[in-house]
Amino acid sequence: MNPIYEKLTRLDFAVVAVYLVILLVIGYIASFRQKKKDETLFLASHSLNWYNIGFNMWGTNVGPSSLLAFASIGYATGIVAGNFEWYAFVFLLLLATVFAPRYIASKVATMPEYMGKRYGDSTRNILAWYALIKILVSWLSLGLFSGGVLVRQILGIPMWQSVIVLVLFAGVFTFAGGLKAIAKVNVFQMLLLIAVSLTLTCLGLQKVGGLSALYHQVPSQFWNLVRPSNDKAYPWQALLLGYPVAAVAFFCTDQAMVQSVLGAKNLEQGQLGVNFIGWLKVLALPLFILPGILCYALFPHLEKSDLAYMTMVTSLFPSGMNGLVICVLIAVLVGTIGSSLNALSTVFTTDVYVKKINPSATTQQQIKVGRITIAVGCLFAVLMAIAIDNIRGQNLFNIFQAVLGFLAPSLSVVFLLSVFWKRTTQKAVNAVLSFGSAFSLGVGILYLWILPADKYPQWPHFLLLSFYIFLLLLAAAVLISLTDTRPQHSNVETAALPVTSKKVKWLFALLGVVIVLLYIIFNGHKA
């Protein structure tokens, strides 16, 4: 019998049942009350406020893997994973001040539509199909897989059963409600996640004897964000050079992340929402990483570090609270999978169906196609999650980062060049998006499945590998643009871009000061 399941009581299951009812009621109210005649599933009729946007982006970003993987890394290596949350400030600032004004001014619904306006239909078509692949693999499949790992830990059932149950619930919710329902429910779910995770951290600190006691009970290097160059897990150069490649693609170009900003009431609300997720990311240490460090102090002999989070839950929470934790797992899963399914349906409907198949499609026809896309996406995600379960030699967090690292280089190259280098040509963009993406994904398949890094240590760190691919594709794009005999350059915006308000600038400056202080505080501890 599964030891975690044995600790669950009737009260735990009752809490889960009540939560599911509350979740569906909130979704129903958000989706169907005061519903406008021509409203679609996709951009919530541009009705999202800054807190909806911030919570929705965070809910999309914080998948089930965050609860499991951050605690696992905290248990094994300390706070080094905080880099993935706090270093993100740079790229959230880039999204808010450079990309968001251009996206909103262009009045687009998708990233392929934006690039199509700049470089033409051929670029839009290539990026649409690549965006669909990226959403299916990096969001749907990985999010579902990490949720399946947690359910398997709790109930002890096979992966295929776990993912089918999870995707059915998230799929039905998205099928019915669209982005508005997801955004509204994510506010409730993220507040619940904060409350439960902080409670777990407080209980752990109480049991270990406080922060001072915790500080002295774990290795001193646990408190260093920056690791030496010979560190096998996260050397500083891999994070400094490799993480930005994935971060630009993830925060600035990914449909699932950017879509909330596109649904904003106006640019300032979108920028404030991006700033808000930056503040929420500061909470990564107490919410996700500290539980793992506390587990190391309390239970230093776990068989696997992946068990850290659920070990803390079942050891410290009373009856009923375990059920609440399961609710949080459902919450973050619905947030991630729901936003991913909505992004998938938006890209396919807008950039493939309406653009190529049925340009005169009515709103109802678009919603119908979007829902069919959601159903097909669910099926693919289940099959892909089972395939990911067969990757060996990598923990959950590294699998997610590695997959994103191989999907990201081509997107980072073309979006950065489209904004910062006017001489970039359509030929260069199309070549990088097609041949460059195929090369990058091919390297990823070799690294993860065919010649896995645990058996072939000659591979560089996966973040450095992503950086090397980025440099190669960047050089190729520049060379193609300079040697193009019939250059078709970007249709650069002629109208003045909307101005970023002083309020937004001050809030980002304040957030930047906080991030710098965190890096100063969490460094310099002797190994």
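Residues numbered from 1 in each chain as written. Predicted model: local features only at pLDDT ≥ 70, side-chain atom pairs only at ≥ 80, totals over all residues. Heavy atoms only, no water.

**Q** Describe the overall build of the protein, and please don't skip the residues or the numbers.
**A** The helix and strand inventory of the protein stands at 21 helices and 0 strands. Within the protein, the proportion of its 527 residues that are buried is 61%. Of all intrachain contacts in the protein linking residues separated by at least 6 positions in sequence, the fraction that spans at least 24 positions is 85%. (Helix = DSSP H or I, 4+ residues; strand = E, 2+ residues; numbered from the N terminus. Buried < 20%, exposed > 50% of the residue type's maximum accessible area, 1.4 Å probe, protein only. Contact = heavy atoms within 4.5 Å.)

**Q** Explain the pattern of salt bridges to me, and be specific about the residues and the numbers.
**A** A full pass over the atoms with the stated rule returns 5 salt bridges. With a shortest N-O distance of 3.2 Å, Lys 281 and Glu 85 are connected by a salt bridge. Of the two residues, Lys 281 sits in helix α13 (residues 267-282) while Glu 85 sits in helix α5 (residues 83-86), which places them 196 residues apart along the sequence. Residue Lys 281 shares its accessibility class with Glu 85, and that shared class is buried. (Salt bridge = Lys/Arg side-chain N within 4 Å of Asp/Glu carboxyl O.)

**Q** Kindly report on the environment of Ala 256, identifying the contributing residues and their values.
**A** Following the sequence through the fold, Ala 256 ends up in helix α12 (residues 255-262). Note on Ala 256: relative accessible area 3%, which makes it buried. Each C-alpha atom, one on Ala 256 and one on Ile 337, is 9.8 Å from the other, the two residues being 81 residues apart in sequence.

**Q** How would you sum up the packing of helix α6 (residues 89-106) against α12? Please name residues and give values.
**A** Where α6 contacts α12, the axes come no closer than 10 Å and their chain directions differ by 70 degrees. With respect to each other, α6 and α12 are oriented roughly perpendicular. Contacts between α6 and α12 pair Leu 95, Ala 100, Tyr 103 and Ile 104 from the former with Val 258, Val 261 and Leu 262 from the latter. Class assignment of the residues belonging to the contact of α6 with α12 gives a composition of 7 nonpolar, no polar and no charged. (Axes fitted to C-alpha atoms, helices over the stretch in contact; angles between N-to-C directions. Parallel < 35°, antiparallel > 145°, perpendicular 65-115°, else oblique. Nonpolar A, V, L, I, M, F, W, Y, C, P; charged D, E, K, R; others polar.)

**Q** Give me empty space enclosed by the protein: which residues, what numbers.
**A** Counting across every chain of the model gives 3 cavities of 30 Å³ or more. Broken down by secondary-structure element, the contributors of at least two residues to the lining of the largest cavity are α3 (50-61), α4 (64-77), α5, α8 (121-155), α11 (236-253) and α18 (396-420). Top element by residues in the lining of the largest cavity is α11. It accounts for 5 residues. (1 Å grid on protein atoms, 1.4 Å probe; cavity = no way out; pocket = protein on both sides within 12 Å on 5 of 7 lines; lining within 4 Å. Points joined across faces, edges and corners; volume = space filled by probe spheres on them.)

**Q** Tell me what's going on with the nonpolar core, and back it up with residues and numbers.
**A** In this structure, Leu 214 and Phe 415 are the most contacted members of the largest nonpolar core, which totals 173 residues. In terms of residue count, the dominant contributor to this core is α8 (17 residues). The contact partners of Leu 214, leaving out residues within four places of it in the chain, are Leu 205, Val 208, Trp 223, Leu 290, Ile 293, Leu 294 and Ala 297. (Core = buried A, V, L, I, M, F, W, Y, C linked by side-chain atoms within 4.5 Å.)

**Q** Pulling in residues and values, what's your account of the confidence of the model for the protein?
**A** Per-residue confidence for the protein averages 84 on the pLDDT scale, and 86% of its residues sit at or above 70. Within the protein, no element has a lower average pLDDT than helix α1 (residues 3-6), which sits at 70, and none a higher one than helix α20 (residues 462-483), at 97. Counted against residues more than four places away or in other chains, residues 36-44, with its pLDDT under 50, gives 30 contacts. (pLDDT = per-residue confidence, 0-100.)

**Q** Requested: an account of the packing of aromatic side chains, with residues and values cited.
**A** Given two aromatic rings, their pairing is described by the distance between the two centres and the angle made by the two planes. The tally for this structure, following the rule as stated, stands at 21 aromatic pairs. Ring geometry for Phe 99 versus Tyr 103: centroids 5.9 Å apart, planes at 35 degrees, classification tilted. With Phe 99 and Tyr 103 both in helix α6 and 4 residues apart, the pair spans about one turn of that helix. Classification of Phe 99 by relative accessible area gives buried; the value is 0%. Ring centres 4.8 Å apart and planes at 90 degrees place the aromatic pair Phe 250 and Phe 251 in the edge-to-face group. Look at Phe 251 and you get buried, because its relative accessible area is 2%. An aromatic cluster is present here, built from Phe 84, Tyr 87, Phe 91, Tyr 234 and Tyr 243 joined pairwise through their rings. (Phe/Tyr/Trp six-rings, centres within 6.5 Å; stacked < 30°, edge-to-face > 60°.)

**Q** Account for the packing of α6 against α11, naming residues and giving values.
**A** The contact between α6 and α11 brings their axes to 9 Å, and the two run at 40 degrees. When the interaxial angle is binned, α6 and α11 end up oblique. Relative to α11, the crossing made by α6 is right-handed. Listed contacts from α11 to Phe 91, Leu 92, Leu 94, Leu 95, Phe 99 and Tyr 103 of α6 are Tyr 243, Pro 244, Ala 247, Val 248, Phe 251, Cys 252 and Thr 253. (Left-handed = near helix turned anticlockwise from the far one by under 90°.)

**Q** Please provide a residue-by-residue account of the side chain of Gln 271, values included.
**A** Among the structural elements, Gln 271 can be located in helix α13. By relative accessible area, Gln 271 is classed as buried at 1%. Discounting chain neighbours no more than four positions away, the residues touching Gln 271 are Ala 96, Thr 97, Pro 101, Thr 500, Val 504 and Phe 508.

**Q** Can you break down the environment of Phe 397 residue by residue, with the values?
**A** With respect to the element layout, Phe 397 can be found in helix α18. Among residues more than four places away in sequence, those in contact with Phe 397 are Ala 69, Phe 70, Ile 73, Phe 84 and Tyr 234.

**Q** Explain α20 to me, and be specific about the residues and the numbers.
**A** One turn of an α-helix holds 3.6 residues; hence residues three or four places apart share an orientation. For α20, built from 22 residues, the straight-helix expectation of 32 Å at 1.5 Å per residue is met to within 8% by its first-to-last C-alpha distance of 32 Å. Listed as buried for α20 are Phe 462, Leu 463, Leu 464, Leu 465, Ser 466, Phe 467, Ile 469, Phe 470, Leu 473, Ala 477 and Ser 481. (Expected span 1.5 Å × (residues − 1).)

**Q** I'd like a rundown of unusual backbone geometry, residues and numbers included.
**A** If you check the backbone angles, Lys 107 has positive phi at about 55 degrees while not being a glycine. Relative to the elements of secondary structure, Lys 107 occurs in the loop between α6 and α7 (111-119). Assessed through its relative accessible area of 74%, Lys 107 is described here as exposed.

**Q** Requested: an account of the environment of Gly 78, with residues and values cited.
**A** Its place among the elements puts Gly 78 in the loop between α4 and α5. Taking the relative accessible area as the measure of exposure, Gly 78 reaches 0% and is therefore buried. Spatially, the C-alpha atoms of Gly 78 and Ile 289 are 7.5 Å apart, while their sequence positions differ by 211 residues. Setting aside residues no more than four positions away along its own chain, Gly 78 makes contact with Ile 73, Phe 222, Arg 227, Ile 289 and Ile 293.

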